[in-house]
Amino acid sequence: DDKGIKANAEVPLVVRYRGRIVGQFRADLLVESRMIVEIKATSGLVKAHEAQLVNYLRATGIAVGLVLNFGPRAEFRRRVCTFRPDPPLSASSA
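Values in this document were obtained by computation on a predicted structure and should not be read as measured data.

A. Up close: the sheet that holds strand β3 (residues 35-40). Judged by pairing direction, the sheet is mixed, and its five strands sit side by side in the order β1-β2-β3-β4-β5 without closing on themselves. Of all the strands in the sheet, just β1 (7-17) and β5 (75-80) have a single pairing partner and so form its edges. Strand after strand, the sheet turns through a mean of 30° between neighbouring axes, direction not considered. In the sheet, β3 pairs with strand β4 (residues 64-69) via six bridges, with the strands oriented parallel. Across the sheet, residue Ile39 finds its bridge partner in β4, namely Leu68.

B. Region of the structure containing the packing of aromatic side chains. On inspection of all chains with the given rule, the structure shows one aromatic pair. Seen in terms of ring centroids, Phe25 and Tyr56 are 3.8 Å apart; in terms of plane orientation they differ by 15°. Their pairing is stacked. On the criterion of sequence distance, the pair formed by Phe25 in strand β2 (residues 20-31) and Tyr56 in helix α1 (residues 47-60) is long-range, its members being 31 residues apart. Residue class for Phe25 comes out buried when judged on its relative accessible area of 11%.

C. Seen up close, the nonpolar core. In this structure, Leu13, Phe25, Leu30, Ile36, Leu57 and Ile62 are the most contacted members of the largest nonpolar core, which totals 15 residues. Only β1, β2 and α1 provide two or more residues apiece to this core.

D. Quick peek at the pairing of β2. Across ten bridges, β1 lies against β2 in antiparallel orientation. Each bridged residue has a counterpart across the sheet, and for Val11 the counterpart in β2 is Ala27. Linking β1 to β2, which pair antiparallel, is a turn of two residues; within it Arg18 sits at a positive phi near 50°. Pairing of β2 with β3, which is carried by three bridges, proceeds in the antiparallel orientation. Residue pairing in the sheet places Val31 in a bridge with Met35 of β3. Where β2 hands over to β3, the hairpin turn is made up of three residues, of which Glu32 adopts a positive phi near 55°.

E. The side chain of Asn69, seen in detail. Mapped onto the fold, Asn69 is located in strand β4. On the basis of relative accessible area, Asn69 is assigned to the buried category, the value being 1%. One polar contact links the side chain of Asn69 to the main-chain amide nitrogen of Thr42, over a distance of 2.9 Å. Non-local contacts of Asn69, meaning those with residues more than four positions away in its chain, are made with Lys40, Ala41, Thr42, Ser43, Gly44, Leu45, Ala74 and Glu75.

About the thresholds
Residues numbered from 1 in each chain as written. Predicted model: local features only at pLDDT ≥ 70, side-chain atom pairs only at ≥ 80, totals over all residues. Heavy atoms only, no water. Pairing = 2+ DSSP bridges. Helix = DSSP H or I, 4+ residues; strand = E, 2+ residues; numbered from the N terminus. Axes fitted to C-alpha atoms, helices over the stretch in contact; angles between N-to-C directions. Phe/Tyr/Trp six-rings, centres within 6.5 Å; stacked < 30°, edge-to-face > 60°. Buried < 20%, exposed > 50% of the residue type's maximum accessible area, 1.4 Å probe, protein only. Core = buried A, V, L, I, M, F, W, Y, C linked by side-chain atoms within 4.5 Å. Polar contact = N/O pair within 3.5 Å; in protein donor to acceptor, adjacent residues only side chain to side chain. Contact = heavy atoms within 4.5 Å.

So this is what it looks like as structure tokens:
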């Protein structure tokens, strides 16, 4: 934390649909309450991993996300979601 960046692991986030809370999930990492990071350890990233991240972004209203894969070859995908239905909330504040 010497750079002043706040990152938390296994953060519960609420999922909203049309303004209503419909569930929750745990983000692997939440950075500055503004970026979701999903961590994988697979042979390679596939479209389903990116789709999962995009769904998390849309459901939470968080705009930026990363999928990091620490498999045989390290790789990542960055996604930005411009659809922001509601401000992000943690499950503990819901």
